[in-house]
Structures are given as C-alpha cells and as structure tokens.
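Residues per chain are reported as follows:
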Amino acid sequence: MIRAELQRSWVLLWKDLLIERRAKAAFNAMAFFAGVVLLTFGFAVGPDAPGVAVETGGGTLLQHLSPGLVWVAILFTSQLAADRSFQLELERGGLDALRVYPGDRKALYFGKLLANLAILLLMEAVLLPFAGILYSLDLWARLPQLAGVAVLTTLALSATGTFYAALTANLRARQVLLPLLLFPVLIPVLLAAVKATGLVLRGDPMNELASWVKLLGAADVLFLIVAALTFEYVVEE
Amino acid sequence: MVVATGLRKRFARTWALRGVTFTVQPGEIIALLGANGSGKSTLLRLLATAARPSGGTVQLFGQDPARAAAALRARIGVLGHASGLYGELTARENLHFAATMYGISLSAEACDARLNAVGLGHAAGARVGTYSQGMVQRLSLLRSTLHDPDLLLLDEPYTALDVNGLGIVDRVLTDVRAAGKSALMATHLVERSLRLCDRAIVLAGGTIAYDGAVASVPSSVLPSEMEGVA
C-alpha cells in the first residue's frame, strides 16, 4: 500500500521533471526573473556603498543586504514554480485526470512538492553562485551550512507553495490569490531564512544560527503535516 | 453496480443536477443523452469521484465513494472532455505514467501492443503534443481502459475520431458488455447509441427526462440539435 503511494509520488515527480526538462518553461522564467532582481539591486546599491559598523560584521552595504535580496528573489520564483506546476495540469485537463486516479491524494501532494523542490533547488544552485560573484560573497567557505539553510527554507517554500497552488488552481483569480494567501504564511520562514543566511555569511559570532535553523525546521514539519492532512479536501472540487 | 439517489450538484448559484435517480446493472451499456448544459458531464464527474455531490447519495459497487473513493477509483475508467494527457510526453511515457498511477505494471511490449490495437503503434515514441485530435482521443480511450475497469465513464468518446476510431470505441463498449462490466457514455450521436447501448438516460435541465430502452426514446425529449434526431 505504502509502496504504491510512494510509486505514485515518484512517477509524478518523474513526469513533472521530464516535462520541465523538455519545455523548460518554469526554470527559464524563474532563473531569468531572479537574476534580474539580483542584478537590479546590485546596480541600485552599488558595489562600493559603505557597509555597517565593523562590530556587526563589516563589509559593503550590498553584502549586508544580500541575504534579504537573495531570499526575496527566491520567494517570488517559488510562487512562479508552484503556479506553473498546477497550470501544467490545468492546460489539458490533467488535474481532473489526477483526481480520478486511485490511491491516497497525499501521493499527489508529495509528488508535486518534490518536483517543485527539485526545480527550486536547481535554480538556487545557479542563483547562489551568481549572487556570490555579483555581491562578492565568500560562499565556498560556508557551503555546507548555507546548503542546509537553503534546503530547509526551500522545503518550506515548496510545501506551502504546492498546497496553495492546488487550493487556487481552479479559481479564475488564481494568479492574484496565490501570492495573497502564500506570502503572509511565509513571512516567518522568510525572516528566519534571511537571518540564518546572514549569520552563516558573517560566521555566526554570537552562536545564534541554531535557533533560526530550528525555526525553519519546525516550519517545515508544521507545513508538511497540515498540508498532508488537508490536501484531500484541497483538490476536491 | 451504480445506485444514484436524488443526486444534486450546484456550481455557485446554478444547479447543474437537480435530483437524479437511476441505477446501473452489470453488463449494461447506457447512453447519456441531452443538450449541452443538461448535466451529462457533471453526472459523469460525480460518478468518477472527481467531484462531490451537493446533495443526494451515490453507491458504487455497494460502497459510499465519500468513504472509499481511493479504492473505488481503481475500478472506474474515465474518459473526460479534456484528454488529461501531457503534450510534452510521448504516448509510451503517458501510458507508463497512467499505469503507475493506477498501480499496475505495464511492460514495454504490452504497452506497444495496446498502442498498436488502437492504431497508434507508429506514433508510440512521438510526443502527444504533435498528435492530431483523433489520435489524442484514441490514446485517451486507451488510458481510460488501461486498468481494465469494471465501470467505464465516457464523455463524448466519438469526438474527433475517424471511421476506424469510431470502430475502436464501439469495440471497447462491446468488450465491456461481454465481460459483464458496465459503461455510461455521454454522447450526441443518437443513431450510434441506438445500435450499441442497452438503455438511454436523457437529461434535461439537470433532471432525468427519460430512462428506459434505447429504442423507445421519444423524440420529444431529445434536443433537436442532436445528430440523428428527426
């Protein structure tokens, strides 16, 4: 029984990634949008703008702002990814077809979630080095910690994005409602991600990182449980 | 096999179904007739467990879909208005996806044999986005019967099909009856229904205007725009 549900989630992930690899519709739009956001802020602030006091980490203003800029860009692209994943189903009546397949609908949620997570992580693998070059950030020295924060945050973005994209999939005002519903829920995650990333980049002098990482982990667990328990009713017409 | 009692479905302020009661026995092929907007597709969607009724009850194979939908769906095949196929995937990939979702194994040879049976063997490796409407319809029909369902729900199965394609739908329905299974088919083709179906249910304004032998459907309950209505 569980094996069949895992296979359903897996084949949904395979299907979404194969379509994305061939159509490249979500990834290209997301990477382009996020790249433009980072580039625009980079030009607006300038590479030599004086930073904050040395006792708070020093560096340029752009380096100090970089965690916020990066996560805002990723937040918006995560919404694009979630919306696109259900748009794909709506185009040819696929959502109806998914509704009538047997088995637990949690499998649909986890399949879609994993596909969104994979696409977002791939986009971040391109975006973060780009941000590193653009904002003169030393990412390599702190890569494991940075990757940990990125995975936890991206899981929260994907878990909620997939859930709300399914909730709004059949609505005419889908593209307006999705960010309105999604972004308020994600504010704690975004704040924790910005704070944790900033601490990772500055070397965590006050040992504060763990509490922010715990908050991200708790948000992941909470979002996954709530979404899994209620998804059945969300995809119901 | 199907017992529907007082089925109702509302979309916002509009009632698509206003209390529909009927049964489907094993081995029955039923034509669902009616004008556009009469509630045919909505009724099929309720039976497919794709939507919940606003009122009334339905029993599928003696079970309540509200409690056992996950298991019941394995016994139902659905051909909807939209294909539900993915244009970026090939026919083989679409069938592999559907088979896994149905929880059945489908070898490459079995997949190709089934595609050959509906005349799509030559295009098995082509992306469905390059298919004609008729080819998409054939593949949709094949997908809906992939898991050998006990109840087949077909919404306008003859759409866009050529003569060979029409024959494929007819053959599927004949096989369903021979196996003691059932099918409900929403269609506008009255003459074809007369030849193939055992019973007709005519919907008008969300209610049943006629339920009986297909040969005895009074022309007064059929909308004039249906093909084959004098």
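A. Fine view of the overall build of chain A. Within chain A one finds eight helices and zero strands. Counting from the amino terminus, chain A carries its helices and strands in the arrangement α-α-α-α-α-α-α-α. Its C-alpha radius of gyration of 19 Å places chain A within 12% of the 18 Å reference for a compact globule of 237 residues. Taking the principal axes of its C-alpha atoms as reference, chain A extends roughly 60 × 30 × 30 Å. Of all 237 residues assigned to chain A, the portion counted as buried reaches 45%. The contacts in chain A between residues at least 6 apart in sequence include a share of 78% that link residues at least 24 apart.

B. Region of the structure containing the interface of chain B and chain A. Every contact between the two is made by 26 residues of chain B and, on the other side, 22 residues of chain A. Mapped onto the side of chain B that touches chain A, the elements with two or more residues apiece are helix 2 (65-72), strand 5 (76-79) and helix 3 (91-102) of chain B. Top contributing element to the side of chain B that touches chain A by residue count: helix 3 of chain B, with four residues. A per-class count over the side of chain B that touches chain A returns 15 nonpolar, eight polar and three charged.

C. Structural detail: the sheet that holds strand 6 (residues 151-155) of chain B. All names here are of chain B. The sheet built from six strands is open, its strands ordered 5-6-7-3-8-9 with mixed pairing. Each having just a single partner strand, strand 5 and strand 9 (207-213) make up the two edges of the open sheet. Taken pair by pair, the neighbouring strands of this sheet meet at an average axis angle of 15°, ignoring direction. Of the strand pairs in this sheet, strand 5 and strand 6 are connected by four bridges, and their pairing is parallel.

D. Representation of unusual backbone geometry in the model. Non-glycine residue B:Asp148 carries a positive phi angle of around 55°. Looking at the element boundaries, B:Asp148 is found in the loop between helix 5 (133-144) and strand 6.

E. How the structure looks around the packing of helix 3 (residues 61-91) of chain A against helix 7 (residues 174-202) of chain A. All names here are of chain A. Running from N to C, helix 3 and helix 7 point in directions that differ by 145°, and their axes come no closer than 9 Å. When you trace helix 3 past helix 7, the crossing you get is right-handed. Of helix 7, the residues touching helix 3 (which contributes Pro67, Gly68, Val70, Trp71, Leu75, Gln79 and Asp83) are Gln175, Leu178, Pro179, Leu182, Leu186, Leu190, Ala193, Val194, Thr197, Gly198 and Leu201. Here the contact of helix 3 with helix 7 is composed, by residue class, of twelve nonpolar, five polar and one charged.

F. Geometry of helix 4 (residues 108-117) of chain B. Residue and element names in this part refer to chain B. Looking at helix 4, one finds that the buried residues are Cys111, Arg114 and Leu115. Mapping the buried residues of helix 4 onto a view down its axis gives an arc of 100°, with all of them on the same face. Opposite the packed face of helix 4, turned more than 90 degrees from it, sit the exposed residues Glu109, Ala113 and Asn116. Where helix 4 ends, the next residue or the one after it, Gly119, has phi of about 75°, a positive value.

G. The nonpolar core, seen in detail. Counting residues in each nonpolar core, the largest one holds 134 residues, and the members touching the most others are A:Ala156, A:Ala196, A:Leu216, B:Ile30, B:Leu32, B:Leu153 and B:Leu184. Excluding residues that lie within four positions of it along the chain, A:Leu216 makes contacts with A:Leu152, A:Thr153, A:Ala156, A:Val189, A:Ala192, A:Ala193 and A:Ala196.

H. Examining the sheet that holds strand 1 (residues 2-11) of chain B more closely. Residues and elements named next belong to chain B. Read across the open sheet, the three strands follow the order 2-1-4; overall the sheet is antiparallel. A strand with exactly one partner marks an edge of an open sheet, and here the two such strands are strand 2 (14-24) and strand 4 (55-60). For this sheet the average axis-to-axis angle between neighbouring strands, irrespective of direction, equals 25°.

I. Quick look at the confidence of the model for chain B. Averaged over all residues, the pLDDT of chain B is 91; the fraction at 70 or higher stands at 97%. Overall fold confidence (pTM) sits at 0.90, and the ipTM for the predicted complex is 0.89.

J. Structural detail: the packing of helix 7 of chain A against helix 8 (residues 209-234) of chain A. Residue and element names in this part refer to chain A. At their nearest, the axes of helix 7 and helix 8 sit 9 Å apart, and the two run at 145° to each other. For the pair helix 7 and helix 8, the crossing hand works out as left-handed. Between helix 7, through Pro188, Val189, Ala192, Ala193, Lys195, Ala196, Leu199 and Val200, and helix 8, the contact on the second element is made entirely by Leu209, Trp212, Val213, Leu215, Leu216 and Ala219. Split by residue class, the contact of helix 7 with helix 8 holds 13 nonpolar, no polar and one charged.

K. View of the confidence of the model for chain A. Mean pLDDT over chain A works out to 90, with 97% of the residues at or above the 70 mark. Per-element mean pLDDT across chain A ranges from 87 in helix 4 (residues 94-99) of chain A up to 96 in helix 6 (residues 143-168) of chain A.

The rules behind these values
Residues numbered from 1 in each chain as written. Chains lettered and ligands numbered in written order. Predicted model: local features only at pLDDT ≥ 70, side-chain atom pairs only at ≥ 80, totals over all residues. Helix = DSSP H or I, 4+ residues; strand = E, 2+ residues; numbered from the N terminus. Rg over C-alpha atoms; globule rule 2.2 N^0.38 Å. Buried ≥ 20, exposed ≤ 12 C-beta atoms within 10 Å, placed from the backbone. Contact = placed C-beta atoms within 7 Å. Nonpolar A, V, L, I, M, F, W, Y, C, P; charged D, E, K, R; others polar. Pairing = 2+ DSSP bridges. Axes fitted to C-alpha atoms, helices over the stretch in contact; angles between N-to-C directions. Left-handed = near helix turned anticlockwise from the far one by under 90°. Arc of directions from axis to C-beta. Core = buried A, V, L, I, M, F, W, Y, C linked by C-beta atoms within 7 Å. pLDDT = per-residue confidence, 0-100.

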